[in-house]
Each structure stands twice: as structure tokens, then as C-alpha cells.
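# Chains, contacts and geometry: an overview
So the chains spell out like this:
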Amino acid sequence: MATTPLHVGAARSRVDGPAKVTGAARYAAEFKAADLAYGVVVSSAITRGRVTAIDAAAALAVPGVIQVFTHENRPRTAWLDYNYRDQVAPPGSPFRALHGPEIVFGGQPVALVVAESFELARYGASLIRVTYAEEVPHTDLAAVRDAAYVPPRKRSGIKPPPDPRGDAEGALAAAPVQLRQEYRQAIEHHNPMEPHATTIVYEGDGKLTIHDKIQGVNNTQSYVCSVFNLKPDDVRVISPYIGGAFGSGLRPQYQLFLAVSAALNLKRSVRVVLSRDQMFTLGYRPETIQSVALGADRDGRLQALLHEAVAGTSTFEDYQESVVNWSGLLYHCPNVKLGYKLAKIDTATPADMRAPGAATGVYALEVAMDELADATGIDPLDLRLRNYAERDEGENKDFTSKALREAYAQGAERFGWSRRGRAPRSMREGRELVGWGLATGVWEAYLMKSSARARLALDGTLELACSTADLGTGTYTILSQIGADALGVPLDKVRTLLGDTTLPEAPLAGGSWTAASSGSAVEMACRAVAEQLLGFARRIDDSPLANADLAHVTFADGAIRLASDPSARISLAEAMRAGGVESVEATETVKPSLLTGLRYAAYTHSAVFAEVRVDEDLGVVRVTRVVSAVAAGRILNPKTARSQIMGGVVMGIGAALEEESMLDHTLGRFMNHNLGEYHVPVNADIHDIEVIFVEESDDKVSPIGAKGLGEIGIVGTAAAVANAVFHATGKRIRELPITLDKIIA
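Computed from a prediction, not measured in an experiment: that's the story for all the values here.

### Some details on the environment of Arg298
Within the secondary structure layout, Arg298 lies in the loop between strand E13 (288–296) and strand E14 (302–313). Between the C-alpha atoms of Arg298 and Pro176, which are 122 residues apart in sequence, the distance is 6.3 Å. Ignoring sequence-local partners within four residues, the contact set of Arg298 consists of Pro176, Val177, Thr376 and Ile378.

Spelled out as C-alpha cells, the structure:
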């Protein structure tokens, strides 16, 4: 079947845009329910210890307060850890809210006050008196790094570091040029605009409709069924819109557990919304201490690469990321040794945050490469080209595609890299030092099992459906584009349904796999619909398509046409009437190819160029230009794709210069748990960002040739900024964020 790509590959505005800007789009805390009660969480005042007493009498005496749930009266739920493990849970014992008196992290929920209104619940929560037996918390990663360990159980979906190749230590010792440095990255919190929220609609007889902020409704459904011993048919989860998540919505969070507990116990609808400061008691990007050692010849060609990382995790789960693996595949090097360890601290379990592992590990590697360029006197771009990897040497596989060389060239041309002064502090304008830096980005290109349904109606409307989420990435739009082109219907006649467990199952929206996975499933479902339509069309008397097969027809303008003679046509409505049907429907499932996975490695790549201007006296840094050149296979929608990359770049600038969750190690608590003191870039911090999509054809990565874009924009950006700061100032700062106190110190 030939398709006419009127929409795929073209810049199209978001089909869900009008709903969002008019308020028609509803989020988890905006769904209505009759007889709705409101729950407010009481958070612990200590970080480690035990609750010795809870006095809820004053709260319960307030008219309108319905119940106060604590560990002393918590409704019975599943006993085994296994029942609390969700689809992306790391090894360990998942946190159970109100399970017992023990306190294992700061801000842990110790009570839920349920009342007839939010205001009453909040007032009731203020009256709860909790007494503790406090213990000394341990939250300083540096202080516990000597106790770091290799996680004994691997996290599903996270590749451990590959086995060493060659003799890295020996090659390093023999290398004419050697460097070894340590790099640190602070804890970051996700901070989406929409806080975590759950509205439970109690349907009677133990049946629930759950509106949850989650990046995968099936994950919430399976978690609730497992923990509360409910049947899937009794639990429907709906999440059509998400107000940002960046990974914080991958796992069910504790407000879901509390809301379901209360609804089942009270047999009425309940809503629980977390406050902004309670959002700092959930997952986060962990602090990581990394050591990178590079050995090279005097021409800058790598002879040895050693990369070790120690990351923080909670005391009850071994959260893991692929932090060091990138160093085994990004550059050609015969001797490589990688290591990854965890160290336990008294915090909540970390969580996947945009490009988990890569945003951390590639930062350290790419700053180290810049240090090697400086040590050898070689231009940083030339150094990377001299060490270009033609295949994945970590897994000994060819790439499905890799247009990184073209990304370097096009990004450098657009940025004007050839005009860069070689020496640090060689460029200035007035009192500002100007620095230019670059870095490479890399992220895995996944294809996940995903199902989708297509239903074409006699009136020409096409409905597409799958259970994945759109957390602001443009999924509604690109799936609509694919369906419109596949069956030749106008884009405004396509309706896409997402975020509902009654729809065909799709994976969590994460890892940059949704476009390739659910997009391929949609195209397959549309193709199955097209086959049925062509079958109907062939039955028509004197049909011009009587002898045509799918390979020789096109679908365009609401009709099936012979590819060799477009005037030979049957309208879609005629075909359906010939088949005696009001609609044609098909559900298809895409799966990754095991053989392709064994033979090839699939990655998205980027080249990031950054310009900074540093006030020489005050140390204030401004990122005035970024060019991000991305090779990501087929670009389905340049407009939404550009937004994805720009968002990643902004987040990368935040990681480089601003984002840091500050722990008070005496109290064991995050001190800047609000948007006034947790700094993120705002409009005044962001100047020119240019995105280039490098042409890259890939017929192996996914049926539609697309790779993901949600993560690659952030990977490498912090390193490019850090390298630009060095070029501007001559001062190498190996700890993120690079705040002005570190520059002027």
C-alpha cells in the first residue's frame, strides 16, 4: 500500500491544542464525582525513626472531617512486597504508605485526613499531633560512598555495564596523555506543573474509576488490582492529559494508594492532591559521583577509558540507571572498563528523570573529553571525529543507523564553530568573557510492544485508540497524522483516544519509545483496515480495483485509487456500503524483532554546541546560544519534534546552571522544596536555541523508521555548557550546577 505523506513529516499544530488552551482538557484532579470527599496528606517531620503516637482527636472533632487514616487503622491490603511492585519498580521492597510506624525518609506520609471539603481536610491535617522517636539520618552520599555496592539484583530494562574489554588500567598507565578526574551532579526534582493527584470515583460494589496522574494507565490498574485484590474489570483508569511529568509519573505514587484505601473503606469517591512541597518527597534524579580516566596518544586517539559511578538510592529499593554504559559505545577505544555502584541514603527512592543515566553519565564523559582536547591541544570537535565509533563496541553490534558525523558537521556550520578561538579566555565582549563548548548526545532508540485500534466510520471519521499517554509530547498529533495519511482522510476527521485502560494496551509513555512503538501500531492497524476496505471495493461490479492488491493502490482524498491510474477509484464510503458495514475496525500489535535486537544497536545521536557569556567580575553566566543537531531517524512532525528538543535543551541548561535539590544532612530534608528556592530556567534565562534535524534513514529501528526525541535534547547539553564555561573562564568546574559562587571562588 502506497501512502501519500500529506501530514507525516510536515509541521502540524497540536490537535489537542484547542482543548488545552480553552480548559476543555481535564486533568486528574479536575474530574467531578458525586459525594466527593477530599484527602490531605500529613507528612512526617523527621527523616529517620519511628512514630510513637498520633493524636487525631482534634481533627476528628471538626465537623466535616470524615476520617483520619494512620498506620494504626489503615485498611488491610496485600502483605507481600511482590504485590506492591509496579511495571518499572527497581529491586527491593516498594514503599507502602502508612504500613507501620517506621520513618525511612523525610516527608513520608504518616496520616491522611479525609473531609467533606479540601479546606476542612487541610485544617484537620493541621491539627494532627505526631510524636516521634528520632534517629540520626544519613543523606550525604559522599559520606557513605565507601559502603557502595554493586546491586545484586538488576533492574528490569536497565542494562548493567558491559564486561571490560582489553586492559584498561595497563593501557592507561602506558598512555602518553593521561587524565583522571571526578565529576558530581546534584539531586534534581522533576517539578511538572501538574502535581501528583488522584480522583477515585466509587462506582459501588467495590468498582472504581480512577483518574490518576500517571504516564501509563495500565501500570496504575495492575498496581491497584495487586495491592487491593481487585479484578481488572472492576478498576478502570483514565488519564487523557498529563500536565508534565518528565518521568515522575512512571510509577504509581503514594497519593494513589491513600486515595484508593480511603475510597474502598469509606465506600465513596475521594480525591487526594499533593502539595508542591510534598512533590519533593517523591522520586528524583539521584546525586552521582563519577570518576573518569582517559588515556590517549599524543594525537588524541583514545587508548584507555575507565568510568565508574556511585549513585544514591533509598534504604529500601535499589534504583538503577545506565550511567556509565555510554562510555563503552560512544567512542572507539580498545581498552574500556566501566563500573556502577549504589550507596544507600535516607531518602525516598530516586526515579527516572528525563534521559535517566545518560544525562548524568554523558555529562561526565563529555567534560572529560573536553579536558582531553585541552590537554592535547586538539580542537574538541576534531578530537571527537578522531575517536568516532563506527559500531557499538560495548555490545559488538552494528548500528541500525548513525548520522552523528553529519550532526557534527551541520551543527558546527550553523554555530560557526570554525571561528572559535582555541585558547580559554581568548574571546570577550566588553566585561563579558565568551565561551564556546560542544558535547555529544546519545540515547537508546527503543521499540516496545504496543497495540492500537483503528476504526473508520461510514461518515469518513477515523478513530485511533491505544492506552499510552500524552504528557505534552505531541502524541495525539503524530498518531493522528499517521492515521490520516495511512487511510487518506483529512486530519480534522481523525479522533485519537489515549490514556484509558479500556483501550488497546500500550506501554508506559517513557524512554522516548512512544512515537516509534504506538506510531507503528497505529500504522499497522490502519493497514489492516485498508485491506478490509480494498476487499470490499473489489467486490463491486465492474470495480476498477477488481484485480488490484494492496501494493498497487493508494488511499487519498477519501478514496482508494490505482497507483498507476489515480482516476480509477472507489470511495471509502462506497467500499463500506459494498461490504454492508457501517464501520471497519482493526486492532494490531507491534513487537520488537528479536533477531534485529541481537544483530543491531539502535541509538539516537546529537551534537550540541553552546555559547556562554560570563561576567568576569560577578561570575554570572548567560547561555546565549545553543545549536542542537539531532539524528533521530524519520521526523514525524518537525514542529512538535522541535518543541521536544527545545524542552530538553532548556532542562539541560537548568541542570548545568541552576537545578539542585539541597539536602540538609543534619535534618535529612530537602531545604528548597518549593519553586521559589528550587531554581529552574525561566524565559529570561533562555536565548537562542536552534534545532537541526539531520537526515537519517533507518529501516530497522521501527516499522515507521522513527526514533524517539523526548530524551535526546537534554543529553550532552549540560556538558556543552560546562565546556563553554571553561572556554570562557579557563576554570574547570566539575560539579553541577555551575553556580556563580563556584566561578568566583
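There's plenty left to go through after this.
### Considerations on the pairing of strand E10 (residues 207–212)
Within E10, 5 of the 6 residues are buried, which leaves it mostly tucked inside the rest of the structure. Looking at chain direction, strand E9 (residues 197–204) and E10 are connected through 6 bridges and run antiparallel. Bridge pairing links Thr198 to Asp212 in E10. Linkage of E9 to E10, two consecutive antiparallel strands, is achieved through a turn of 2 residues, within which Asp205 is found at a positive phi near 55 degrees.

### Regarding the sheet that holds strand E7 (residues 129–134)
With antiparallel pairing, 3 strands are arranged side by side in an open sheet as E5-E3-E7. Looking along the sheet, the strands with just one partner apiece sit at the ends: strand E5 (102–103) and E7. Both strand E3 (residues 49–55) and E7 contribute to a ladder of 6 bridges, which runs antiparallel. Following the sheet pairing, Ala53 is matched in E7 by Thr131.

### Concerning a nonpolar patch on the surface
There is a patch of nonpolar side chains on the surface, built from Leu618, Val620, Leu740 and Ile744 and spanning about 340 Å² of accessible area. Along the chain, Leu740 turns up in helix H17 (residues 740–744).

### Overview of empty space enclosed by the protein
Taken as a whole, this structure holds 8 cavities of 30 Å³ or more when the rule is applied. Along the walls of the largest cavity sit 22 residues, with Phe95, Arg251, Pro252, Gln253 and Tyr254 positioned nearest its centre. Among the residues making up the lining of the largest cavity, the classes are represented as 14 nonpolar, 4 polar and 4 charged.

### Some points on the environment of Ala245
With respect to the secondary-structure elements, Ala245 resides in the loop between strand E11 (235–238) and helix H7 (254–266). Once residues within four sequence positions are removed from consideration, Ala245 is found in contact with His190, Pro192, Lys213, Gln215 and Leu471.

### Looking at unusual backbone geometry
In this chain, Leu736 is followed by Pro737 through a cis amide linkage whose omega measures 0 degrees. Looking at the element boundaries, Pro737 is found in the loop between strand E32 (735–736) and H17. The backbone of Ala355 sits at a positive phi, close to 55 degrees, despite the residue not being glycine. Here Ala355 lies in the loop between strand E15 (336–344) and helix H8 (358–376).

### Points about the environment of Gln481
Positionally, Gln481 belongs in helix H11 (residues 475–487). Take Gln481: its relative accessible area is 0%, and that puts it in the buried class. When the C-alpha atoms of Gln481 and Leu636 are compared, they prove to be 8.2 Å apart, with 155 residues separating the residues in sequence. Apart from residues lying up to four places away in sequence, Gln481 is in contact with His7, Val8, Ala10, Arg12, Leu491, Leu636 and Asn637.

### Describing the pattern of salt bridges
In the structure shown here, the tally under the stated rule is 45 salt bridges. The salt bridge involving Arg48 is made with Asp346; its shortest N-O contact spans 3.4 Å. Of this pair, Arg48 sits in the loop between strand E2 (37–43) and E3 while Asp346 sits in the loop between E15 and H8, and the two are 298 residues apart along the sequence. As a salt-bridge pair, Glu432 and Arg622 come within 3.0 Å of each other at their nearest N and O atoms.

### What about H7?
Taking 1.5 Å of rise per residue, the 13 residues of H7 would be expected to cover 18 Å, and the 18 Å separating its terminal C-alpha atoms lies within 8% of that figure. With 10 of its 13 residues buried, H7 lies for the most part within the structure. Burial in H7 covers these residues: Tyr254, Gln255, Leu256, Phe257, Leu258, Ala259, Val260, Ser261, Ala262 and Ala263. Looking one or two residues beyond H7, the residue adopting positive phi is Lys267, at roughly 55 degrees.

### Quick notes on the packing of aromatic side chains
Counted according to the given criterion, the structure contains 18 aromatic pairs. Between the aromatic rings of Phe95 and Phe105, the centroid separation amounts to 5.0 Å while the plane-to-plane angle is 65 degrees, which identifies the pairing as edge-to-face. Placement of Phe95 in the loop between strand E4 (65–69) and E5 and of Phe105 in the loop between E5 and strand E6 (109–115) is noted, with a sequence separation of 10 residues between them. Overall, the relative accessible area of 21% leaves Phe95 in the partly exposed class. Pairing Tyr183 with Tyr363 gives two aromatic rings, centres 6.2 Å apart and planes at 85 degrees, and the pair type is edge-to-face. Here Tyr363 lies in helix H8 and Tyr183 lies in strand E8 (residues 177–185), a separation of 180 residues in the sequence. Each member of the aromatic cluster is reached from another via a ring pair, and the members are Trp326, Phe399, Trp443, Tyr446, Trp513 and Tyr603. Cation over ring: Arg625 sits above Phe415, and NZ or CZ is 4.0 Å from the ring centre.

Cut-offs used in this document
- Residues numbered from 1 in each chain as written.
- Predicted model: local features only at pLDDT ≥ 70, side-chain atom pairs only at ≥ 80, totals over all residues.
- Heavy atoms only, no water.
- Helix = DSSP H or I, 4+ residues; strand = E, 2+ residues; numbered from the N terminus.
- Contact = heavy atoms within 4.5 Å.
- Buried < 20%, exposed > 50% of the residue type's maximum accessible area, 1.4 Å probe, protein only.
- Pairing = 2+ DSSP bridges.
- Patch = residues over 30% accessible without salt bridge, like charges linked within 9 Å, V, L, I, M, F, W, Y side chains within 5 Å.
- Areas by Shrake-Rupley, 256 points an atom, 1.4 Å probe, with all protein chains shown as cover.
- Salt bridge = Lys/Arg side-chain N within 4 Å of Asp/Glu carboxyl O.
- 1 Å grid on protein atoms, 1.4 Å probe; cavity = no way out; pocket = protein on both sides within 12 Å on 5 of 7 lines; lining within 4 Å.
- Points joined across faces, edges and corners; volume = space filled by probe spheres on them.
- Nonpolar A, V, L, I, M, F, W, Y, C, P; charged D, E, K, R; others polar.
- Expected span 1.5 Å × (residues − 1).
- Phe/Tyr/Trp six-rings, centres within 6.5 Å; stacked < 30°, edge-to-face > 60°.
- Lys NZ or Arg CZ within 6 Å of the ring centre and 35° of its normal.

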